[in-house]
Amino acid sequence: LDFEQSLGIILGTNIGTTTTALLATTVSNKSGRQVALGHLLFNVVGVILFLPLIKPTVTFFTQTNVTLAQQVTLSHLFFNLYAALIFIIGFNLFHKAVLFLTQSRTPQK
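What counts, and at which threshold
Residues numbered from 1 in each chain as written. Predicted model: local features only at pLDDT ≥ 70, side-chain atom pairs only at ≥ 80, totals over all residues. Heavy atoms only, no water. Buried < 20%, exposed > 50% of the residue type's maximum accessible area, 1.4 Å probe, protein only. Helix = DSSP H or I, 4+ residues; strand = E, 2+ residues; numbered from the N terminus. Arc of directions from axis to C-beta. Core = buried A, V, L, I, M, F, W, Y, C linked by side-chain atoms within 4.5 Å. Contact = heavy atoms within 4.5 Å.

Looking at this structure, I do not really get helix α4 (residues 54-63). What am I missing?
The α-helix advances 3.6 residues per turn, and as a result positions three or four apart in sequence lie on the same side. Buried residues of α4: I54, T57, V58 and F61, and no others. The buried residues of α4 occupy one face: seen down the axis, they fall within an arc of 100 degrees. Seen from the open side of α4, the exposed residues pointing more than 90 degrees away from its buried face are K55, F60 and Q63.

For this particular structure, what's the right way to read the nonpolar core?
Core analysis: the biggest nonpolar cluster contains eleven residues, these being F3, L7, I10, L11, V47, F50, I54, V58, F61, F79 and A83. If you list the elements that add at least two residues to this core, you get α1 (3-16), α3 (30-50), α4 and α5 (68-89). A per-element tally of this core places α1 first, with four residues. The contacts of L7, once residues within four sequence positions are left out, are F50, I54, T57, V58 and S75. Core analysis: the next-biggest nonpolar cluster, separate from the first, contains five residues, L37, L41, F87 and F94 among them.

So, in structure tokens, the structure goes:
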């Protein structure tokens, strides 16, 4: 694998890790569903917002004098810090979205 392929795997596994929390929601309460949905949204939206930065990230890290393993580690750290910063800035919107998407909906009579 080269670094660009590794970066794709990193982004995919960030989304993939949400499946265990989503599976747990089958037997959880509303708070558990909110946490699982928040985890999913954080990772999916974080990856989507990171997509335009893939080429610059690959260019930057391949020009450094570090091993492939270090490039993978540092880019994973960079992605997580980037996503966390985005969600800290937009926390209120994120919180409202999770609450809206997990609210109980009763069918109209």
